[in-house]
Amino acid sequence: MSDDESAYSDAEKRKKKGDEGANFLKNRQQMKMSELDEQLAEYIAEWRKQRQKEEDELNKLKDKQAKRKILRAEEEKKLSEQKKAEEERKMREESERKAQELEQKRKRLEEVEKKRQQMMKPNDGVKKFGSKGGDKLSNIQAAKGELGKTKEQLAEEKKIAMSIRVQPLNLDGLQPSQLKSKAEAMWALVVKLETEKYDMEERMKRQDYDLKELKERQKMQLRQKALKKGLDAEALTGKHPPKIQTASKFERRTDRRTYDDKKKLFEGGLNDLIREDLEKRWSENMSLFESRSRARLPKWFGERPGKKGKAGEETPEDGEEGEADLPPSPPPPAEESEEEEEEEEKEPEEEEEEE
């Protein structure tokens, strides 16, 4: 074989080896890609299963929530119906109670109206209501009872009283004679009501007079009270308490003092005088107490209590502290008895000389 042929055969061999190596790498990459594709397909399948499971659980929860909403709506509907029924029952009971109270009040007012009408009837030519011999304070008591009521209560009582006093007219099917008698009865009723109106006006005037009289009595009592306290007679009759005069009303200059300065004007007085007197007496008593004579205690086994010398020494007689302040010791009782005997002997001698 020639050199050219050998070189050509070597080149072919090298080319074959290169092709085989490239094919091996290519096959290896394809195997890796196929493995990755299989893993990815498994992951996607697993993820889809998990997602389907979660969706199923979510659907179950949604169904459960919808059922719970339906149950809650039914329970709320039942509760609202019960609450409405309870409110209706309470309102019905309240209306029944108010109706009963109104009926009781109407009956009570009817009885009061009947008693009033009986009292308004003339008795032996004199009306009880208009009699002057009654108690003066009865009108005041009645007025106080009316003052304790509200406007609504008064309006309701007025409405009930008017329904009792003003009877409804039944004019259907009446003859002329019956209408005439009805008109006469109404005229008599008008006259009666006018007389009652006049009596009520007089009663009102009497009440006003009683109130004025009471106010005047109150003013007189307040004037007396103010005079007892040393104030002006009209000081307590106003709406407000009397003002405190802190400066002369005749001075024409502006008062620049503060509230504390004005307040101090009313401090002191008798209390300060009593305090000064007590302090003076205390100082006098204290000075007397400090200048008192202090008695020396007797010696006990050569030592005076509270005054001890050195060990084994007696307390000195002279030179003790405070000895100069001590008063002289009183004389013994024997000398006093001798003086009394001498005085007794001198007395008869003087009597003899006088004789």
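None of the values given here were measured: they were computed from a predicted structure.

**Some words on the overall build of the protein**
The secondary structure content of the protein amounts to seven helices and zero strands. For the protein, the sequential pattern of α-helices and β-strands runs α-α-α-α-α-α-α. Going through the 355 residues of the protein one by one, you find that 6% of them count as buried. Of all intrachain contacts in the protein linking residues separated by at least 6 positions in sequence, the fraction that spans at least 24 positions is 41%. Summing over all exposed atoms, the protein offers an accessible surface of approximately 33,600 Å²; the carbon and sulfur share of this is 53%.

**Things to note about a positive patch on the surface**
Taken together, Lys-64, Arg-68, Lys-69 and Arg-72 make up a surface patch of like positive charges. Mapping Arg-68 onto the fold places it in helix H1 (residues 3-120).

**Remarks on the pattern of salt bridges**
Following the criterion strictly, the structure yields ten salt bridges and no others. Here Asp-272 and Arg-275 are joined by a salt bridge, their closest N and O atoms 2.4 Å apart. You can see Asp-272 and its partner Arg-275 sitting in helix H6 (residues 270-290), three residues apart, about one turn around the helix.

**Thoughts on the packing of aromatic side chains**
Applying the stated criterion across every chain yields a total of zero aromatic pairs. Taking NZ or CZ as reference, Arg-292 lies 4.1 Å from the ring centre of Phe-289, over its face.

**Details of a negative patch on the surface**
A cluster of acidic side chains, namely Glu-35, Asp-37, Glu-38 and Glu-42, defines a negative patch on the protein surface. Relative to the helices and strands, Glu-38 is located in helix H1. Among the residues examined, Glu-38 registers a relative accessible area of 52% and is labelled exposed.

**Some remarks on helix H4 (residues 176-228)**
Look at H4: 78 Å from first C-alpha to last across 53 residues, which is about the 78 Å you get at 1.5 Å a residue. Two residues or fewer after H4 comes Gly-230, characterised by a positive phi angle close to 80°.

**A short note on the side chain of Lys-105**
Along the polypeptide, Lys-105 turns up in helix H1. Not counting residues up to four positions away in its chain, the partners in contact with Lys-105 are Glu-156 and Ile-160.

**A short note on helix H3 (residues 151-165)**
Between its first and last C-alpha atoms H3 spans 21 Å; for 15 residues at 1.5 Å apiece the expected length is 21 Å, and the two agree. Within the sequence span of H3, burial applies to Ile-160, Ala-161 and Ile-164. Down the axis of H3, the buried side of the element spans an arc of 100°, and every buried residue falls inside it. Opposite the buried face of H3, by more than 90 degrees, sit the exposed residues Lys-151, Glu-152, Lys-158 and Lys-159.

What counts and how
- Residues numbered from 1 in each chain as written.
- Predicted model: local features only at pLDDT ≥ 70, side-chain atom pairs only at ≥ 80, totals over all residues.
- Heavy atoms only, no water.
- Helix = DSSP H or I, 4+ residues; strand = E, 2+ residues; numbered from the N terminus.
- Buried < 20%, exposed > 50% of the residue type's maximum accessible area, 1.4 Å probe, protein only.
- Contact = heavy atoms within 4.5 Å.
- Areas by Shrake-Rupley, 256 points an atom, 1.4 Å probe, with all protein chains shown as cover.
- Patch = residues over 30% accessible without salt bridge, like charges linked within 9 Å, V, L, I, M, F, W, Y side chains within 5 Å.
- Salt bridge = Lys/Arg side-chain N within 4 Å of Asp/Glu carboxyl O.
- Lys, Arg positive; Asp, Glu negative; His and termini not counted.
- Charge placed at Lys NZ, Arg CZ, Asp CG, Glu CD.
- Phe/Tyr/Trp six-rings, centres within 6.5 Å; stacked < 30°, edge-to-face > 60°.
- Lys NZ or Arg CZ within 6 Å of the ring centre and 35° of its normal.
- Expected span 1.5 Å × (residues − 1).
- Arc of directions from axis to C-beta.

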